[in-house]
Amino acid sequence: MFDVNEFILKKAKELGFGDVVVLGYETNRRQVRFANNEITVAKNWHERKVELFVELEKRVAGTTITELSEENIERTLKTLLSNMKGMAPKEDYYGIAEGPFEYRDIPETFDKAIVELDEPNEYVERAINAALEEGAKRVAGVLYTDHNRLYLTTSNGVEAFDEGTGIEISVRAFIGDLESGHGTNSVRVLKKFDPESAGRKAGEIAKLAQNPEQGPEGKFDVIFDPLAFANLLSYMSFMTSAYAAEAGFSFLVNKLGQKVASEIVTIKDVGNMPNGYGTRKFDDEGVPTRETTIIEGGTFKTFLLNTSMARKYRAETTGNAGLIMPHAWNILLEPGDYTKEELFSEVKKGIYITNVWYTRFQNYVAGDFSTIPRDGIFLVENGELKPIRNIRVSDNFQRILEGIKALGKESYHIHWWEVRTPVSTPYVLVKDVGITRATK
Amino acid sequence: MHELVEFAVEKALELGASYAEARFEEKNGTSLAMKNGNPEGLEILADRGMGIRVLADGGMGFASTNVLTKESVAEAVKKAVKLAKAASRVRNEPIVFSDEDFHEVYYEVKMRKDFRDVSPEEKMELLRKVEEEVKATGVNVPMRYLGYSDQVWHKIIANSDGAFIESIIPRVSVTYNLVVFENGQMEQAPFVQRAFSGGLELIEKDEPWSWAVKDVQALKKLIYEGKKPPEGKVDLVISPEVAGIAVHESVGHPYEADRIFGREAAQAGESFVKPDMLGERIGSEAVTVIEDPTIPNSWGFYLYDDEGVKARPRYLIRNGIITEFLMNREYAAKLGQRSNAAARAINYNREPIVRMANTYLAPGDYSFEELIEDIKLGVYMVSFNEWNIDDRRYQQRYIGREAYLIENGEIKHPVRRPILEITTKALWSSVDAVGKEIEMFPGTCGKGEPGQGVPVWMGGAHARLRDIPLRRP
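What you are looking at is a predicted structure, and each value in this text was computed from that prediction instead of being measured.

Broken down by element type, chain A carries 10 helices and 22 strands. Expressed as lengths along the three principal axes of its C-alpha atoms, the size of chain A is roughly 70 × 50 × 40 Å. Pairs at least 24 residues apart make up 73% of the contacts formed inside chain A by residues separated by at least 6 positions. Within the structure as shown, chain A displays about 15,600 Å² of accessible surface, and the carbon and sulfur contribution to it stands at 46%. When the 54 positive and 65 negative side-chain charges of chain A are each reduced to one mean point, those points stand 4 Å apart.

Right under this line is the structure:
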């Protein structure tokens, strides 16, 4: 596909564009959705497309070209040019990275066995059966297989290629209307794929959650399951983008260098994480992906940046382009030193939340939000779990980070419908979390 | 393109599908953003492709391609049929579709001011106008994120049961996030959108800058004059905007038949509504909720759904009684009914699933003054920020952005963040009066995996809720 990239770059330069980024994709994605222990639909997507970014005297524009004939490419470039000519420049645009760069292979990001996998339905059946064996009555979920090829060419000397695979499953198990559990498994190489573990966890939680009583309200110490905390960190990942801060969508606005979390909290973005679902060799302008410490020992160190925003703030790019909007690849909360048992024994009276969804903000810059526990919720009292229902976490993002009291020692990599940026997190114990419930 | 769509359907039947549907979609448009006065760049959208959905051996398969040649489409059809057959082996019962009347139809939404003839800089002027008007208020708004988007959606849908529907629907919208910082305090109006199906004239007439000005002035007033809302049992008047989110979340979603039958269980969730709840009371006599894709120029507009079924208004609640679910052909068959044309897909590469279009609380016969005149102590909630609902659509919460105290029948000072956290049945049972005028607000309804954000309107009339346990932050 580099021939297409080169043609686009050549034509774009001929037309007088300045910075040009051509990012070609060839993707093969399969999906199997299931519910009530049966497959509801199976899908296949094969896509070939080019994402194009162009700059003309500080005016920037982008488009996706899916019809890759030379005639359409030339037409598209001319359309961009004529549309951009009368526009006002983006005064805070400072260019793209200067290549070329050297790239290293990242372990466990490609597996031929996934490319050659003919039929993934057996994995679905294994996950369903694992949940049923734990006592679930109804099992629903989704399985994906991915095979992606990326071709990047820029006007600043970058020509880069990456090829990756992935397989993942998300399983939700039900016993009655109110008793459910959820488990996920997302990996890049087939031999590490463990659909049974997702099914088993979903089934185990559903079984534990039987006959829940109305939950309490007030302030409670809360143990967040990795699945639940990953949701919050996934929202936070967007707020670590310098773009989100400028646009008024981040509680980290004006907090560089300040304490924003408990001292035991270190949060990173790891673009080159082996076996990470969001891992890539390079960002959208060709900068090699890397590990960036966002919060270290509770102190906010940096927003995620691309080259232009880095220059604007007199900093270095963090390898997170998005040309318009820098974004995280894999968010990682450094684990602590508690076993799961030790973490639960820390809580005399508290709540264990296994999953959350529907996180919404009252005010992004203040960080006020609420989110709804879904699936098993438990009162934790002297090591015993008692199922409850119908509560809501209503608190403030920074206060949750500041309230982190203990972290599990084992990390879990989470990626599913509600956790769009992959997150690696342990079990997390947070003190005095605001819990509310409907009163009528 | 018509031939290629027909070819896909015929090919699927040839390969052993018992039902086949092909949907060509083409979207063309532009989007622009402005952040704190800086133009953020232009995005040109030109996307087209075909999605093929089949039933074979009782299983369902879907495949799409953006290479629109006979070979590529044939390959996608082959995949869809193969996937359906393989999926059928992990099914307890075959998927069956309801019988429907199908038509050959062409329809188009006309633009009086065609946005395709307007230059990006002229469109950017709309955003600059929002900037200028907001600045002219003198309110300190340090963060301003503005977006403009237009798209023409062209679709051709054919199925093996005789549907052949072609449509052209233009859609245009302006979105903003405004952060007001005054007196050391900060308030925010995020993701506010004004949106229509039609031409640029609709946005110009709607004047999104006026909405933005109203928002920042209300937030400034809230900062300087806002007091704690009353707590405990009070009366609550909700605006059409708040009524809209409430009907969308707690009436529209739980009445989606695919949720009721558990198909969305692992993603968008299930429903407290069960198939045998048709005819049950869920709200007071005053509550009627209508779902209507056919409202001209609405953000959720369509006349035929993505299964080729003719759309009509759907009465989800009539005078407090559950009367109809939202259905596609699969779940209409399960219920022994006809589809009511709620199948929608956001693009050629997505399957049609059960969705809302324009959901609203039907008008009653009260003027706004009549709604508030006998309230001794209450709150008027005009707009909201934070909201969410559990996955069975029963426990929800809405927090007021702009809200006022009502005392002895009069609207008084602003109140800060009144919280309505309530069950669906309690909410709709508490309504004792509904206003005469309706108003609609756009939104993007998320559902499905992979996600499908479809354009919807939500709204209706003002509603008065009696004896509501209101909370403070």
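Next up on the list: the interface of chain B and chain A. Taken residue by residue, the interface counts 89 residues in chain B and 81 residues in chain A. Between chain B and chain A, a total of about 7,300 Å² is buried, with carbon and sulfur atoms accounting for 47% of that surface. Our count for the chain B to chain A interface comes out at 13 salt bridges. Here aspartate 118 of chain A makes a salt bridge to lysine 82 of chain B, at a shortest N to O gap of 3.3 Å. Our count for the chain B to chain A interface comes out at 59 residue pairs in polar contact (both at pLDDT 80 or more). Here the element with the most residues in the side of chain B that touches chain A is strand β2 (residues 38–56) of chain B; it accounts for 11 residues. Tallied by class, residues from the side of chain B that touches chain A come to 34 nonpolar, 23 polar and 32 charged. Across four bridges, the pairing between strand β2 (residues 38–56) of chain A and strand β3 (residues 59–65) of chain B is parallel. Paired with tryptophan 45 of chain A across the strands is serine 64 of chain B, a residue of β3 of chain B.

Another aspect to go through is helix α5 (residues 195–208) of chain A. All names here are of chain A. End to end, α5 covers 20 Å across 14 residues, agreeing with the expected 20 Å (1.5 Å per residue, within 8%). For α5, the full list of buried residues reads Pro195, Ala198, Gly199, Ala202, Gly203, Ile205 and Ala206. The buried residues of α5 all sit within an arc of 165° when viewed along its axis, so they share a single face. In this structure, the buried residues of α5 make contact with α4 (121–133), β5 (159–174), β6 (180–187) and β16 (377–381).

Moving on: a negative patch on the surface. On the surface, Asp337, Glu341, Glu342 and Glu346 of chain A cluster together into a patch of negative charge. Examined against the element boundaries, glutamate 346 of chain A turns out to sit in the loop between α9 (340–345) and β13 (349–353).

To continue, consider the packing of helix α3 (residues 120–136) of chain B against helix α5 (residues 208–225) of chain B. Residue and element names in this part refer to chain B. Axis separation between α3 and α5 bottoms out at 9 Å; the angle between their running directions is 30°. With respect to α5, the axis of α3 lies roughly parallel. Between α3 and α5 the crossing geometry is right-handed. Residues Leu126, Lys129, Val130, Glu133 and Val134 of α3 pack against Trp209, Ala212, Val213 and Val216 of α5. Class assignment for the residues of the contact of α3 with α5 results in seven nonpolar, no polar and two charged.

Next up on the list: α5 of chain B. Counting along an α-helix, one turn takes 3.6 residues, and residues three or four places apart therefore face a common direction. In this model, α5 of chain B (18 residues) spans 25 Å end to end at C-alpha, consistent with the 26 Å of a helix rising 1.5 Å per residue. Among all positions of α5 of chain B, only Pro208, Trp209, Trp211, Ala212, Val213, Asp215, Val216, Ala218, Leu219, Leu222 and Ile223 of chain B are buried.

In this section: the nonpolar core. One finds Phe224, Phe229, Ile267, Ile295, Ile351 and Ile353 of chain A to be the most contacted residues of the largest nonpolar core, which totals 69 residues. Tallying contributions element by element places helix α6 (residues 226–239) of chain A first for this core, with eight residues. Ignoring anything within four residues of it in the chain, the contact list for isoleucine 351 of chain A reads Pro216, Phe220, Asp221, Val222, Ile223, Ile377, Phe378, Leu379, Val380, Ile388, Ile391 and Ile435 of chain A. Judged by nonpolar contacts, the second largest core, of 68 residues, contains Ile8 and Leu77 of chain A together with Ile44 and Leu219 of chain B.

What follows is about the packing of aromatic side chains. Across all of its chains, the model carries 36 aromatic pairs over all chains by this definition. Note on tyrosine 107 of chain B and tyrosine 304 of chain B: the rings are 6.1 Å apart at their centroids and 40° apart in plane angle, and the pair reads as tilted. Of this pair, tyrosine 107 of chain B sits in strand β4 (residues 104–108) while tyrosine 304 of chain B sits in the loop between β9 (289–291) and β10 (314–318), and the two are 197 residues apart along the sequence. Each of the two residues, tyrosine 107 of chain B as well as tyrosine 304 of chain B, counts as buried. Ring centres of phenylalanine 196 of chain B and tryptophan 457 of chain B lie 6.1 Å apart, and the angle between their planes is 85°; this geometry places the pair in the edge-to-face category. Of the two residues, phenylalanine 196 of chain B is situated in strand β7 (residues 185–197) and tryptophan 457 of chain B in strand β22 (residues 454–471); the sequence distance between them amounts to 261 residues. There is no split in this pair, since phenylalanine 196 of chain B and tryptophan 457 of chain B are both buried. An aromatic cluster of three or more residues is present, and its members are Tyr235, Phe238, Tyr243, Phe249, Phe251, Phe361, Tyr364, Phe369 and Phe397 of chain A together with Tyr145 and Phe191 of chain B. Cation over ring: arginine 194 of chain B sits above tryptophan 211 of chain B, and NZ or CZ is 3.7 Å from the ring centre.

Here we take up the environment of threonine 109 of chain A. All names here are of chain A. On the secondary structure map, threonine 109 appears in the loop between α2 (70–85) and α3 (112–116). With a relative accessible area of 10%, threonine 109 lands in the buried category. For the pair threonine 109 and proline 274, spaced 165 residues apart in sequence, the C-alpha separation works out to 6.5 Å. Residue contacts for threonine 109: discarding those within four places in its chain leaves Glu163, Gly164, Thr165, Arg188 and Thr279.

Residues and elements named next belong to chain A. With respect to topology, six strands assemble into an open sheet ordered β11-β10-β9-β12-β21-β20, the strand pairing being mixed. The open sheet is flanked by β11 (299–300) and β20 (412–416), the only strands paired with a single partner. Strand direction decides the pairing type here: strand β9 (residues 267–270) and strand β12 (residues 331–333), joined by three bridges, are antiparallel. Note on β12: the bridge partner recorded for isoleucine 267 is leucine 333. Together, β9, β10 (291–296), β12, β20 and β21 (419–425) form the strand contacts of α6, whose direction differs from that of β21 by roughly 120°.

Basis of the calculations
- Residues numbered from 1 in each chain as written.
- Chains lettered and ligands numbered in written order.
- Predicted model: local features only at pLDDT ≥ 70, side-chain atom pairs only at ≥ 80, totals over all residues.
- Heavy atoms only, no water.
- Helix = DSSP H or I, 4+ residues; strand = E, 2+ residues; numbered from the N terminus.
- Contact = heavy atoms within 4.5 Å.
- Areas by Shrake-Rupley, 256 points an atom, 1.4 Å probe, with all protein chains shown as cover.
- Lys, Arg positive; Asp, Glu negative; His and termini not counted.
- Charge placed at Lys NZ, Arg CZ, Asp CG, Glu CD.
- Buried area = accessible area lost by both parts, 1.4 Å probe.
- Salt bridge = Lys/Arg side-chain N within 4 Å of Asp/Glu carboxyl O.
- Polar contact = N/O pair within 3.5 Å; in protein donor to acceptor, adjacent residues only side chain to side chain.
- Nonpolar A, V, L, I, M, F, W, Y, C, P; charged D, E, K, R; others polar.
- Pairing = 2+ DSSP bridges.
- Expected span 1.5 Å × (residues − 1).
- Buried < 20%, exposed > 50% of the residue type's maximum accessible area, 1.4 Å probe, protein only.
- Arc of directions from axis to C-beta.
- Patch = residues over 30% accessible without salt bridge, like charges linked within 9 Å, V, L, I, M, F, W, Y side chains within 5 Å.
- Axes fitted to C-alpha atoms, helices over the stretch in contact; angles between N-to-C directions.
- Parallel < 35°, antiparallel > 145°, perpendicular 65-115°, else oblique.
- Left-handed = near helix turned anticlockwise from the far one by under 90°.
- Core = buried A, V, L, I, M, F, W, Y, C linked by side-chain atoms within 4.5 Å.
- Phe/Tyr/Trp six-rings, centres within 6.5 Å; stacked < 30°, edge-to-face > 60°.
- Lys NZ or Arg CZ within 6 Å of the ring centre and 35° of its normal.

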